[in-house]
Amino acid sequence: MNDAPPAPAPVTVLADQAAYAAAVQLAVDAAAAYYGDGTSPLDDDAYDRLVRGIEAYEADHPEQVLPDSPTGKVAGGAVSGDVPHTVPMLSLDNVFDAAGLERWAAGLERRLGREITAWSVEPKLDGLAISARYRRGRLVQLVTRGDGVAGEDVSHAMGTVVGLPDALTEPVTVEIRGEVMMTAAQFESACEKRRAHDGTTFSNPRSAAAGTLRAQDRAYTCELTFFGYGALPLPPGDASEPAQRLRTLPHSQIMDQVAAWGVATTAATPVAGIVAATVQEVQARIEQIAEARASLPFGIDGIVVKADLADDQNAAGFSSRAPRWAIAYKLPATEKITQLIAVEWNVGRTGIIAPRAVLKPVEIDGSVVSFATLHNAADIARRGLLLGDHVTVYKAGDIIPRVEAPVVHLRTGDEQPIAVPQVCPNCGDAIDTSQERWRCVRGRACRALASIVYAAGRDQLDVEGLAQNRVQQLLDAKFITDFADLFTLTREQLLSLERMGAANTDKLLAAIETVKTRPLSRVFCALGIRGTGRSMSRRIARHFGSMEAIMAADAEAIQAVDGMGTEKAKLMLEELAEVRPLIDKLIAAGVNMTEPGATTATAVADGDSSGDAAATALPLAGMSVVATGTMTGPLAELSRNQVNELIERAGGKASSSVSAKTALLVAGEKAGSKKTKAEDLGVRIITPDEFAAMVSDFL
Ligand code: IVH
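In every chain, residue numbers begin from 1 and rise along the written sequence. In keeping with the predicted nature of the model, local features appear solely for residues at pLDDT of at least 70, side-chain atom pairs appear and are counted solely at 80 or more, and the whole-chain, interface and lining totals rest on all residues. Values reported for side chains reflect all heavy atoms of the structure, with hydrogen atoms and water molecules removed beforehand.

## Section: the confidence of the model for the protein
As a reminder, the rule being used: Every residue gets a pLDDT, meaning the predictor's confidence in that residue, from 0 to 100. Whether two residues are in contact is decided by their heavy atoms, any of which lying within 4.5 Å being enough.
Residues at a pLDDT of 70 or more form 93% of the protein, whose mean pLDDT is 89. Contacts from residues 1–9, a stretch scored under 50 in pLDDT, to residues over four places away or in other chains number 18 contacts. Counted against residues more than four places away or in other chains, residues 601–615, with its pLDDT under 50, gives 6 contacts.

See below:
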């Protein structure tokens, strides 16, 4: 989808005055909800269509324009506040395709009577506009956009916004404007915290950011992210202030200055702002940004094109609502309305019973969405969902598609209640409904087959020759109940199975014996503890060094593991208590419980820095490394997981996506978009052979 320009959104046609009045009311309600708690009965495309229908009707019937009409107003006239802005915070006009962009650029050049030779092109960040006021380099106030003239004071959020430092690198008096939002990781963490607090989640990152920015007395704190897109001197300020220079600088240089003061801009992201000399170059960058969209760790809803030079901006000026020197090129919405056809209840490896929405397939952010998460039964009830409902569905980048809410005004009366299971859909046993997340009373045992197959899998214990049907046979024969029982299987037991000869038996017993020496990272991963996949398991194993140290750790000690938040640490503790008997069985069977080459947690806790010194001597110490494409040479036989293990043994952090933080990209044959991205970002790129030489001691 992202290769083709977005189709122009059609206009909602309003036939008469009554239809016009109804449309204005709907748009006013939608804007109030969108800018209020971040919910809306309309998706973005539908809202844009509606407002353009209203505009078209008003152009033909200027005498009928209603005072409430959202046209010509910032935020559709929905919000206000009590802190006046020194200079109004305006909206942007929209275009939806290349032709619209060309028309806009040509119109602007006609107006100025000259060609524009510098356009800045940057992502349109999907969050909330905010003004950050710095006096003599100190952050003193945060104000929302509000109605554009005055906004709300949200200074209480200071200190929770990544990218907005308390102090600048120079004592300037300046106002930095930009977007506050949640990255995918911040959003997942915010949902987890809220779920732990009251069982609910946020619908999408934008509404989560809106709610979080306003929230004052929450029992939990959620982190936000800021990216600046403008700066201006903050009055009364002093005329000798360096900030005064901002008035004459090109936009691109203002952004460099903002970054130099220590405030985040998109410069360090794969969609950094650039300056283009022609509209064709602008269009080419738009296509690149659109293509990068689905892999970004934050949401964008378009691309903003601005005349870069201050002279051009001043000559163009403003309309009542928006600058004439800038335009938003909208990308297709990440939130769409579709129909809820059915609800499936699936039992996960740990026995959790989770509902999943089956949707009428809908294209969102470059892929077709047919399923979405529904969290739990209480959440379905709270959202008031019915089968057959039209629902808003959100999907962007890394975020798992989620159902937000029913669109109540589209109900026909044929919708049906959603049936909840009375017994476990997998084994028919009872359901423990004492927590919001329902669980089969048999817990992990309910899905023993899935748990054991997972544990024996290639990236975990890698038990050669143990296929799923063999595991099923072993379970049916009651020779095993969990994967620790594999280690006490006898030759006689195996020989008694159908289709199991002496040769196969000996091979399997030998494979199981080998598995006893796997490193702790793999044994830990095999436990299938929620929230600890391969990469987290490696970090845990390297951090603690032994299972004994892991079992002795409290929540605080667990949180010291890189990437482990409060909620995840709490969950890990609960899960560890649950799998304790399994761990004891593994220890008794003689399975290795240590990580080769790891620093022990006790040494770290005692402030013994010898471990750190050893860590910095490693060839990849502190480096974030990504491997992509087909590995060749000495790495040819390694799975991607094994390459990642190698990276981490050599002191690096293995990552699957390229970002500004990436220090090294190992690009094998047929490396694709990750390599292009690394090139754009100036990340060092090496071949598998060069990499093998670098880490030869660890191969
Ligand atoms: S420039 C007066 N640049 O989009 C110039 N805005 O629809 C207006 N936005 O209120 C702002 N990314 O919240 C600008 N790179 C960007 C932006 C951006 C997101 C938001 C901003 C603005 C809204 C207008």
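## Things to note about the sheet that holds strand E23 (residues 684–686)
The pairing of strands in a sheet comes from backbone hydrogen bonds and takes either a parallel or an antiparallel form. Test applied: DSSP calls a pair of strands paired once it identifies at least 2 bridges connecting them. Only DSSP runs of H or I reaching four residues or more are called helices, and only runs of E reaching two or more are called strands; each is numbered from the N terminus. For every element, the axis is a line fit to its C-alpha atoms; helices are fit only across the contacting stretch, and the angle between N-to-C directions ranges from 0 to 180 degrees.
The 4 strands lie next to each other as E21-E20-E22-E23, forming an open sheet whose pairing is parallel. Pairing within the sheet leaves two strands with one partner each, and these edge strands are strand E21 (653–655) and E23. Going across the sheet, the axis of each strand differs from the next one's by a mean of 30°, ignoring polarity. Of the pairings in the sheet, the one linking strand E20 (residues 624–628) to E21 comprises 3 bridges and is parallel in character.

## Side note on the pattern of salt bridges
This is how it is decided: Salt bridge, as used here, is a side-chain nitrogen of Lys or Arg placed within 4 Å of a carboxyl oxygen of Asp or Glu. Note on exposure labels: buried denotes an accessible area under 20% of the residue type's maximum, exposed denotes more than 50%, and partly exposed covers the range between, all computed with a 1.4 Å probe on protein chains only.
Scanning all chains against the criterion turns up 29 salt bridges. A salt bridge links Glu578 to Arg444; its shortest N-O distance comes to 3.0 Å. Taken together, the residues span a long stretch of sequence, with Glu578 in helix H18 (residues 566–588) and Arg444 in the loop between strand E19 (439–440) and helix H10 (448–456) at a distance of 134 residues. Overall, Glu578 belongs to the partly exposed group, its relative accessible area being 36%. With its nearest N and O atoms 3.3 Å apart, the salt bridge here joins Asp562 to Lys653. Remark: Lys653 occurs in strand E21 and Asp562 occurs in the loop between helix H17 (555–559) and H18; sequence separation between them is 91 residues.

## Regarding the site of the ligand
Here is the rule we go by: If a single non-hydrogen atom of a residue is within 4 Å of a molecule or strand, that residue counts as near it. Counted as a polar contact is a pair of N or O atoms within 3.5 Å, where, for protein atoms, one must be capable of donating a hydrogen and the other of accepting one, and residues adjacent in sequence contribute only when both atoms are in side chains. All accessible areas in this document rest on Shrake-Rupley with a 1.4 Å probe, and a residue is counted as covered only by the protein chains that are shown. Throughout this entry, Asp, Glu, Lys and Arg are counted as charged residues, while Ala, Val, Leu, Ile, Met, Phe, Trp, Tyr, Cys and Pro are counted as nonpolar. The remaining residues, Gly among them, count as polar.
As a matter of local geometry, the ligand sits amid 13 residues, with Glu122, Arg145, Glu179, Tyr229 and Lys306 nearest to it. Contacts to the ligand include Tyr229, whose side-chain N or O atom sits 3.1 Å from an oxygen atom. The fraction of the free accessible surface of the ligand (520 Å²) that becomes covered by protein chains is 88%. When residues of the shell around the ligand are traced back to their parent elements, those giving at least two are strand E3 (119–125) and strand E11 (300–307). Looking at the shell around the ligand element by element, the count peaks at 4 residues for E3. Residue composition of the shell around the ligand, by class: 8 nonpolar, no polar and 5 charged.

## Some thoughts on the sheet that holds strand E8 (residues 174–181)
Spatial strand order, E5-E4-E8-E9-E7: 5 strands in an open sheet with mixed pairing. If you trace the sheet from one side to the other, it starts and ends with strand E5 (138–144) and strand E7 (161–162), each paired once. As paired strands, strand E4 (residues 128–135) and E8 are joined by 7 bridges and run antiparallel to one another. What sits directly across from Ile130, in E8, is Gly178. Its contacts with the sheet put helix H5 (residues 205–214) on E4, E5, E8 and strand E9 (224–233), and the angle it makes with E4 is roughly 40°. With respect to the sheet, helix H6 (residues 251–260) is in contact with E8 and E9, its orientation differing from that of E9 by roughly 125°.

## Here's the deal with helix H7 (residues 279–292)
To keep things clear, this is the line we draw: In this analysis, the expected span of each helix is defined as 1.5 Å times one less than the number of residues it contains.
For H7, spanning 14 residues, the distance from its first C-alpha to its last is 20 Å, which sits close to the expected 20 Å at 1.5 Å a residue. Taken as a whole, H7 has its buried residues at Val279, Val282, Gln283, Arg285, Ile286, Ile289, Ala290 and Ala292. Residues of H7 that are buried in the fold lie against helix H3 (98–112), E3, strand E10 (274–276), E11 and strand E12 (326–330).

## Overview of the packing of H3 against H7
What counts is decided by this rule: Here is the rule for handedness: rotate from the far helix to the near one, and if that takes an anticlockwise turn smaller than a right angle the crossing is left-handed, while a clockwise turn gives right-handed.
At a minimum axis separation of 11 Å, H3 and H7 run at an interaxial angle of 145°. Regarding H3 and H7, the two cross each other, and that crossing is right-handed. The segment H3 lies against H7, with Ala98, Leu101, Glu102 and Ala105 engaging Val279, Val282, Gln283 and Ile286. For the contact of H3 with H7, a count of residues per class yields 6 nonpolar, 1 polar and 1 charged.

## Looking at the pairing of strand E17 (residues 402–406)
Regular strands have side chains that alternate between both faces of the sheet. Extensive coverage of E17 is indicated by the burial of 4 of its 5 residues. Bridge analysis of strand E16 (residues 390–394) against E17 gives 4 bridges, and the strand direction is antiparallel. Counterpart to Thr392 in the pairing with E17 is Ala405.

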